[in-house]
Amino acid sequence: MWSKDQPCSLCNINVWLYIMMAVLPLCCPDKGQDKMWTPPFCPKLCTCSLSRYEPPTQGKLMKTINCSEAGLGSVPKNLSNQVEVIMLKGNRIKYLKIRDILNYLKHFDVSSNRISKIDNRLQKLTHLKSLDLHNNSLSYLPNGQFSGLKFLAYLDLSNNVLHSIEKHSFGGLNYLQRLNLEGNKLSFLEREWFLSMPSLRWLYLSRNNLRNIEPNMFETLANLAELRLDHNNIFNIGDDAFHGMNELSTLDLSFNKLSRVPDGTVLSVASLQCLYLDGNPIYRISRGAFKNLNVSLIRARYMPNLNVIEKQAFKNLPQLQILELHDNPMLIYVDSDAFSNVPRLKSLYLHNNRLFAVPRAIRTGLPSLEKIHIYNNNLRCDCNAYWIRQELVKEEQQPNFTSVLYEESVLRCDSPPNLSGRLLKMLPKKAINKTCAPSALPLFGTSYNISVGEELRLECHALGVPDPQIKWRLPNGTMLSGSVKSGRVQVFGNCTLIVRHLRPSDSGTYLCKAMNQNGFDISSTSVMVNNKPIRIIPSSIAGDYVTIMWNGTTYRSMISDYQIHYRVPSSTIQYSTIHLGQFATRYTFTNLKPLTMYEFCIVYVYDTEQYTVDCVNVTTTQPGELPMGITRIDKRIIIGSCAVILLAIALGCVIAVARRFRRHKEYLEPTSHEKSEAMAHIPLDNFYNPPTTPLCSSRTSLISAQD
């Protein structure tokens, strides 16, 4: 050893070459030059040597039998008891059966075979540290499958077809550190799987069929550092699902079915540093979605539906340094106040989206920002891009100034049409003004057809300098702005209009108007509210009751109830109400008056409001008159029908008796004359010459044998 201030005394090149030749084999060993090891028996098609094995073994040479890709159909016999590593990957083994006592075996690789069953003798490999079973055909793990492997640290079961694992299959794996279950067919998890894994640090559950993560699922994994749940079908994560995971630093939930960012109670893991949500069908990152977390890296990329990042979506994130929000093909708007108290953010990735602008407030509100990626967006080269142009000019004019814009040389304008395709940095100073009229950004379509009782939700944002104000115009001419709630109509956040319990009168054109001192911009949509396809049909009418039927009554998410109202139309009496069951399609009204008209109506109820869908008037009949739908049948027809049936039964009985008599006659004894004729043809010799073969039963033959 020498200090950095001392001159190097090993200047001779020959000495350096000698040192390199001596050290390189130790730090970078050549696996092709493993030392030979000659056990008493080395299996055919295998090699026996001293070699280093992965996972790392601190550079130690280990006694290895390598039978990889040898075309074997089973584990070789007569293996040396001294072997430490067995490699059997890439063979044709279907049944993992070990015939030898292998007290020193530490690493066992049987990956890429056809194994569908494991012999219990695997449990006798008590010194095993790593077991690689990936890329096989295992579909089921029974209780106690690995119970004897008390020192196992690495277990790879990835890329099998596991769909069923018993609750205590992993029992006894107290020292397991890495468990890989990727690429299987697991549809649920069991808490009991992880009860005996207090040392587990890495758990991989990617590419399965998981749909739900129950609360406290991983509470026994206090030392787990990395959890991979990506590429599943997870749509729900229970509260406190990650409770008790005090060491968790990486959580991957990418490419699942999450429709929103899990709330704070789910992600409230103090140790969490990296959070991945890529590829989920999340429509918006709502206010406070990421709040009060200690993460340093968040990824929300490749989301097919993400279109808005709301105000204060990222709030109180003191450790966040890298935020990746790129390659979201529908993302058109990031609120200027999306970031609140994010003091350490250094890198912000917003490229490959559909953003029309990146507000200047984002740049000024992130004090530690070093790089922002905004290339390949639909940038409007107007006042919204003024700060970007100023940043580029300042970098050109001041050699000591470094712009936060990454790849600024490829920033191009998408609009207005006269500037489309031009490089932003090449525009003349007068091409972009400091202020301009707003641009409305509607997040709604051009038209909607909606049924009565449903909800209309329209969202609209705007860009401009100064910040524009948004107003909504309803079909009846009413103008709304700010946060308003009036009956069925609500505006919140100044950008979202909601009309609940729609009526046909709500049909028409809805306008979003963005305004500032420089002008305005309008976007509109046409809404048609259709009546529900429900019709009442009288099915039976009598003097004192009426039965009606209907179709199309089904509960919807915003329908609290549906009812039948009825009364005599000419009277002043209020409607009587019948509350219908969820699947009712008919109802009978009794105790009605004869020769009276009644009005029956199907009514939908929305909270406290009611809407009549269909009505019908029905008049009851005279007393004693048959109800409609019932036909009077003549008594003579009934008597005649009964007579025909009785006659058919009698005829059948006669035929049956005749058949029995005929069958009985065929079995009668022959007459005496017939007997004498039959006896006349029997030779008399048969009476005096018994047959040569003894005629005896099985019983008599057994008795004779005993005699």
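Each remark here, short or long, concerns the structure printed above.
So, here is what we can say about the structure in this document. Residue numbers run consecutively from 1 along every chain, following the written order of its sequence. At least 70 in pLDDT is required for a residue's local features to be given in this predicted model, at least 80 for side-chain atom pairs to be given and counted, and no such filter applies to totals for whole chains, interfaces and linings, which use all residues. Side-chain calculation: all heavy atoms of the structure are included, whereas hydrogens and water are not.

### Considering the side chain of Asn-91
Part 1: Under the DSSP-based scheme used, a helix requires at least four consecutive residues in state H or I and a strand at least two consecutive residues in state E, with every element numbered from the N terminus. Its location among the elements puts Asn-91 in the loop between strand E4 (85-87) and strand E5 (95-96).
Part 2: Residue classification places Asn-91 among the buried residues on the basis of a relative accessible area of 5%.
Part 3: Polar contact is the term for a pair of N or O atoms within 3.5 Å; when the atoms are in protein, one must be able to donate a hydrogen and the other to accept it, and sequence-neighboring residues count only if both atoms are side-chain atoms. A distance of 2.9 Å separates the side chain of Asn-91 from the backbone nitrogen of Gly-71, its partner in a polar contact.
Part 4: For Asn-91, the side chain forms a polar contact with the main-chain oxygen of Leu-88, separated by 2.8 Å.
Part 5: Here, residues are in contact when the closest pair of their heavy atoms is within 4.5 Å. Setting aside residues up to four positions removed in sequence, Asn-91 forms contacts with Cys-67, Ser-68, Glu-69, Ala-70, Gly-71, Leu-72, Ser-112 and Asn-113. Relative accessibility decides the category of a residue: with a 1.4 Å probe and only protein chains considered, values under 20% of the type maximum give buried, values over 50% give exposed, and everything between is partly exposed.

### Describing the sheet that holds strand E32 (residues 469-473)
Part 1: By definition, two strands form a pair when at least two bridges between them are found by DSSP. If you walk across this open sheet you meet the 5 strands as E30-E38-E37-E32-E33, and the pairing is mixed. Every other strand in the sheet has two partners, leaving strand E30 (447-451) and strand E33 (479-481) as the edge strands with one partner each. Averaged over all neighbouring strand pairs, the angle between strand axes comes to 25°, with direction disregarded.
Part 2: Pairing of E32 with strand E37 (residues 508-516) involves 5 bridges; the strand directions are antiparallel. Residue pairing across strands places Arg-473 opposite Leu-511, the latter belonging to E37. Fitting a line to C-alpha atoms yields each axis, with helices limited to the stretch in contact; the angle taken between N-to-C directions then spans 0 to 180 degrees.

### A short note on the state of the cysteines
Part 1: Working definition: a disulfide is two cysteine sulfur atoms within 2.5 Å of each other. This model, assessed by the stated rule, comprises 6 disulfides.
Part 2: A sulfur-sulfur separation of 1.9 Å characterises the disulfide bridge that pairs Cys-381 with Cys-413. Note on the Cys-381 and Cys-413 pair: the S-S dihedral is about -95°, so by sign convention the disulfide is left-handed. Here Cys-413 lies in the loop between helix H4 (386-397) and strand E29 (436-442) and Cys-381 lies in the loop between strand E28 (371-373) and H4, a separation of 32 residues in the sequence.
Part 3: Bridging Cys-383 to Cys-436, the disulfide has an S-S length of 1.8 Å. Across the S-S bond linking Cys-383 and Cys-436, the dihedral sits near -45°, which makes this disulfide left-handed. Placement of Cys-383 in the loop between E28 and H4 and of Cys-436 in strand E29 is noted, with a sequence separation of 53 residues between them. With respect to burial, Cys-383 and Cys-436 carry one shared label: buried.
Part 4: Each disulfide in the protein chain links cysteines that, numbered along the sequence, combine into the pattern 1-3, 2-4, 5-7, 6-8, 9-10, 11-12.
Part 5: Cysteine Cys-495 remains unbridged, with the sulfur of Cys-460 as its closest cysteine sulfur at 8.5 Å.

### Here's the deal with a nonpolar patch on the surface
Part 1: A contiguous nonpolar patch, built from Ile-645, Leu-646 and Ile-649 and spanning about 320 Å² of accessible area, is present on the exposed surface.
Part 2: By the secondary structure assignment, Ile-649 is in helix H5 (residues 635-666). Patch membership requires over 30% relative accessible area and the absence of a salt bridge. Like charges are linked within 9 Å, and nonpolar side chains (Val, Leu, Ile, Met, Phe, Trp, Tyr) within 5 Å. Under the convention used here, a 1.4 Å probe and the Shrake-Rupley method define accessible areas, while residue burial counts only the protein chains that appear. Within this document, salt bridges are pairs made up of a side-chain nitrogen of Lys or Arg and a carboxyl oxygen of Asp or Glu, the two lying within 4 Å of each other.

### Things to note about unusual backbone geometry
Part 1: The peptide bond linking Ser-415 to Pro-416 adopts the cis configuration, its omega dihedral lying at 0°.
Part 2: Looking at where Pro-416 falls in the secondary structure, it is placed in the loop between H4 and E29.
Part 3: Each neighbour pair has its own omega, and for Val-465 with Pro-466 the value is 0°, a cis peptide bond.
Part 4: Examined against the element boundaries, Pro-466 turns out to sit in the loop between strand E31 (456-465) and E32.
Part 5: One non-glycine residue, Asn-292, lies in positive phi territory at about 60°.
Part 6: Of the residues examined, Asn-292 reaches a relative accessible area of 51% and is grouped as exposed.

### So, the packing of aromatic side chains
Two numbers describe a pair of aromatic rings. These are the distance of the centres and the angle of the planes.
Part 1: Pairing of aromatic side chains here covers Phe, Tyr and the six-membered ring of Trp, requires ring centres within 6.5 Å, and sorts the geometry by plane angle: under 30 degrees stacked, over 60 edge-to-face, intermediate tilted. Tallied over the full model, the rule gives 14 aromatic pairs.
Part 2: Seen from their ring centres, Tyr-375 and Tyr-406 are 6.3 Å apart, and the 45° between their planes marks the pair as tilted. In this pair, Tyr-375 is assigned in the loop between E28 and H4 and Tyr-406 in the loop between H4 and E29, connecting sequence segments 31 residues apart.
Part 3: Centroid distance Tyr-587 to Phe-589: 4.9 Å. Interplanar angle 65°. Geometry classified as edge-to-face.
Part 4: The criterion is that NZ of a Lys, or CZ of an Arg, lies within 6 Å of the ring centre and within 35 degrees of the ring normal, and then a charge sits over that ring. Geometry around Tyr-95 places Lys-117 over its ring, the cationic atom sitting 5.4 Å from the centre.

### Description of the nonpolar core
Part 1: Think of a nonpolar core as a cluster: buried Ala, Val, Leu, Ile, Met, Phe, Trp, Tyr and Cys residues, connected wherever their side-chain atoms sit within 4.5 Å. Counting residues in hydrophobic clusters, the biggest one holds 118 residues, and the most contacted among them are Phe-108, Phe-170 and Phe-218.
Part 2: When contributions to this core are tallied by element, the ones reaching two or more residues are helix H2 (264-267) and H4.
Part 3: At 3 residues, H4 tops the list of elements feeding residues into this core.
Part 4: Core analysis: the second largest hydrophobic core is formed by 44 residues, Leu-502, Val-529, Ile-578 and Leu-580 among them.

### Section: H4
Part 1: An ideal rise of 1.5 Å per residue puts 16 Å on 12 residues; H4 measures up with 17 Å between its terminal C-alpha atoms.
Part 2: Among the residues making up H4, those that are buried are Trp-387, Ile-388, Arg-389, Glu-391, Leu-392 and Val-393.
Part 3: Packing partners of the buried residues in H4 comprise helix H3 (360-364). One less than the residue count of a helix, multiplied by 1.5 Å, gives the span that helix is expected to have.

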